[in-house]
Amino acid sequence: MKIPTEPIGSIPRPLWLIAAITNPSDGVELTSLYSKAITDTLRDLEKTGSPVITDGEQTKSSFATYPLEGLTNLAPEGMRIDFEDGHFRQLPLLTSGPFKYGNYAVNYLKVAQQQTHLPVKQAIISASALSLIYPQNGIEGYTQAEFMEDLLNECEKDIRQCLEQGAYKVQMDFTEGRLSLKLDPSGGVLKHFININNQVFNRFTKNEQQKLGVHVCPGGDHDSTHSADIDYADFLPHLFDMNVGSFYLQLASEPDRVKVLKIIKQYLKPNQRAFIGVIDVLNPVIETNENVRDRVLEAAEYIPLNQLGTTDDCGFSPFCDDVSTTRETAFAKIKARVEGTKLAEEKLFA
């Protein structure tokens, strides 16, 4: 496709898988259920016509916590992230060092690649998000500086393994970026987060950075967000300082898309591509092909065609217990994204 289109990551898990995950006492063997969920997801994503696919994060505990799986040096009651509907998610706290990932994203990538001929994209969590698990009162015998060095090494390893395995693209999820302006309106935390992630990205060559991307949104969980009330205009100018080639930007659900597009036009660098969100994953109404076409044509008025791509606003189910969107709705929306992008191409490249 002349206008590339890519998914973000997560697809709603089958209800039978969610039931088995959330009720482990039932004694159900998860291995075979995970395998079936991945196979079904890859097959159904292929049917949408999507030129790039993911495993739908069917076996991740969440987009943010997969590196922490199996670790024994964690305690509950870390940073709490509140959503506008009243529910919250909470990170754990590290209790001792050294910090090492318990699980790497390449493990998901390998399984998916074995079951599809299409390019597979892999999402990873940001170093800045995981930096929040270090307790404010410190850890005896393990300084924050030591933790950060371990964290940067582990995040680099997470990305590098995926590149070496042949990932089509490695996308860092940076949903805490917009949220940081709610925690610190001065922008100090945001700049700190960007610096942390750039310390990872700068370990890669310019060519490798072109295969790296960053996804941002105001959070999307149970059809609710944590930072949609923060003005995108305060966030985006800093975002493009991140040293990657692709940016996956929530836009379909934004109340003033033109305002955002003007900011993207102003700050997008020549070696960067903006994948604009044309699918509102929090809205149960399925977009028509024409809806998507019109959103792409609108974006093309501001973003050069050689720097334009399309995507979904967010993953459809970033946490394993989210049942707010059905699988059928997610696949229908993805198909509309692909077909609508093609319709836009026909007009833009006529």
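Residues numbered from 1 in each chain as written. Predicted model: local features only at pLDDT ≥ 70, side-chain atom pairs only at ≥ 80, totals over all residues. Heavy atoms only, no water.

> How should helix 1 (residues 15-22) be read in this particular structure?
Because the α-helix completes a turn every 3.6 residues, residues three or four places apart line up on one side. Every buried residue belonging to helix 1 is among Leu17, Ile18, Ala20 and Ile21, and all of these are buried. In an axial view of helix 1, the angular spread of the buried residues amounts to 165 degrees, which keeps them on one side of the axis. Buried residues belonging to helix 1 abut helix 2 (30-47). (Buried < 20%, exposed > 50% of the residue type's maximum accessible area, 1.4 Å probe, protein only. Helix = DSSP H or I, 4+ residues; strand = E, 2+ residues; numbered from the N terminus. Arc of directions from axis to C-beta. Contact = heavy atoms within 4.5 Å.)

> Would you mind going over the packing of aromatic side chains with me for this structure?
Both the distance between ring centres and the angle between the ring planes are used here to describe each pair of aromatic rings. A complete count under the given rule lists ten aromatic pairs for this structure. Aromatic pair Phe240 and Phe247: ring centres 4.9 Å apart, planes at 65 degrees, arrangement edge-to-face. What makes Phe240 buried here is its relative accessible area of 1%. Taking the relative accessible area as the measure of exposure, Phe247 reaches 0% and is therefore buried. Relative to Phe275, the ring of Tyr248 has its centre 4.6 Å away and its plane inclined at 25 degrees; by these criteria the two rings are stacked. Here the residue Tyr248 occupies a position in strand 8 (residues 246-249), and Phe275 occupies one in strand 9 (residues 273-279), the gap between them amounting to 27 residues. In this structure, Tyr248 and Phe275 share a single accessibility class: buried. Joined through ring pairs, the aromatic side chains of Phe99, Tyr101, Tyr104, Tyr134 and Phe147 make up one cluster. For the cation-ring pair, Arg89 lies above Phe319, with the distance from its terminal atom to the ring centre recorded as 4.0 Å. Between Arg178 and the ring centre of Tyr232, over which it is positioned, the NZ or CZ distance is 4.3 Å. (Phe/Tyr/Trp six-rings, centres within 6.5 Å; stacked < 30°, edge-to-face > 60°. Lys NZ or Arg CZ within 6 Å of the ring centre and 35° of its normal.)

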